[in-house]
Amino acid sequence: MYPEDLLKILRQNIKPQWKTAFRTAFCTGLLIHLYRLTNHLLTWDSVYNFHSDQNAIHLGRCFLTLSCGIGSYYDLQWINGLLSLLYLSLTAVCLTEIFSLRSKTAIFFLSALTVSFPVVASTFAYMYTADGYFLAQLFVTLAVVLTLYNRKGFLPGMLLIALAYGSYQAYISYAAMLILVWSILQLMEERPVRALLPMWGRFL
């Protein structure tokens, strides 16, 4: 298969709402965090971590050095910042699938919130490790998507959750929140509990 054929297949399978989510998240994130991306703002932590391999196994983050190693071990705001926006934009795409969003307005607000939430903004202050944390967030969200839409998706989902947990443990609660919100929405649509039990079993 030629590369142009692969790109053609990818284009045909990319949903319009995915494009909307990705573009909104990336462009909004770029505008919101532009000041941080164009200025080297030091904190006491970033001075200490101007260069760090993020080997934080003593904190239970045994995979953080790998997730941060994709970008840079240096505090380089453009490299780590653009990677962070890429991961957040892909997370927004996953969220549109989890919540089955079709409205452009809903997708816009969800994507904009994904890149502007206060916790996200504070993570951008620690640029040397932000890309690793946001990759972990993407892994967790993707794990929920795979579990939702594939009968055996919980198997790769388990691997993704493990990688995310080994990068930043807090994203376990993020996964639980996504599952709970999805479950509440299903119950509000009057889906019978019996129909949801197999899905909850996969999530568990």
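Here we summarise the structure given alongside this text. (Residues numbered from 1 in each chain as written. Predicted model: local features only at pLDDT ≥ 70, side-chain atom pairs only at ≥ 80, totals over all residues. Heavy atoms only, no water.)

**Side note on the environment of S183**
Tracing the chain through its elements places S183 in helix α11 (residues 171-188). Remark: the alpha-carbon pair of S183 and L196, spanning 13 residues in sequence, is separated by 8.1 Å. From its side chain, S183 meets the backbone oxygen of I179 in a polar contact 2.8 Å long. (Helix = DSSP H or I, 4+ residues; strand = E, 2+ residues; numbered from the N terminus. Polar contact = N/O pair within 3.5 Å; in protein donor to acceptor, adjacent residues only side chain to side chain.)

**Notes on helix α10 (residues 154-165)**
Over its 12 residues, α10 extends 15 Å from the first C-alpha to the last, a length consistent with the 16 Å expected when each residue adds 1.5 Å. For α10, the set of buried residues is G157, L160 and A164. In a view along the axis of α10, the buried residues occupy a sector of 65°, so they form one face of it. Counted as exposed and oriented over 90 degrees from the buried face of α10: M158 and L159. Buried residues in α10 make contact with α9 (127-149). (Expected span 1.5 Å × (residues − 1). Buried < 20%, exposed > 50% of the residue type's maximum accessible area, 1.4 Å probe, protein only. Arc of directions from axis to C-beta. Contact = heavy atoms within 4.5 Å.)

**Things to note about the environment of L110**
The residue L110 is located in helix α7 (residues 104-116) in this model. With 65 residues separating them in the primary sequence, L110 and A175 have C-alpha atoms 16 Å apart. Ignoring any residue separated from it by four or fewer positions in sequence, one finds L110 in contact with L95, T96 and L101.

**Let's talk about the nonpolar core**
With 42 residues, the main nonpolar core has I98 and F134 as its most contacted residues. When contributions to this core are tallied by element, the ones reaching two or more residues are α2 (16-32), α5 (64-69), α6 (77-98), α7, α8 (118-124), α9, α11 and α12 (193-203). It is α9 that contributes the most residues to this core, 11 residues altogether. When sequence neighbours within four positions are dropped, the list of residues in contact with I98 reads T141, V144, V145, L148, Y149, L178 and W182. (Core = buried A, V, L, I, M, F, W, Y, C linked by side-chain atoms within 4.5 Å.)

**A short note on the packing of α9 against α10**
Where α9 contacts α10, the axes come no closer than 8 Å and their chain directions differ by 165°. In terms of orientation, α9 and α10 fall into the roughly antiparallel class. Where α9 crosses over α10, the two elements pack in a sense that is left-handed. Residues A136, F139, V140, L142, A143, L146 and T147 of α9 pack against F154, P156, G157, L160, I161, L163 and A164 of α10. Looking at the contact of α9 with α10 residue by residue, the class counts come to 12 nonpolar, two polar and no charged. (Axes fitted to C-alpha atoms, helices over the stretch in contact; angles between N-to-C directions. Parallel < 35°, antiparallel > 145°, perpendicular 65-115°, else oblique. Left-handed = near helix turned anticlockwise from the far one by under 90°. Nonpolar A, V, L, I, M, F, W, Y, C, P; charged D, E, K, R; others polar.)

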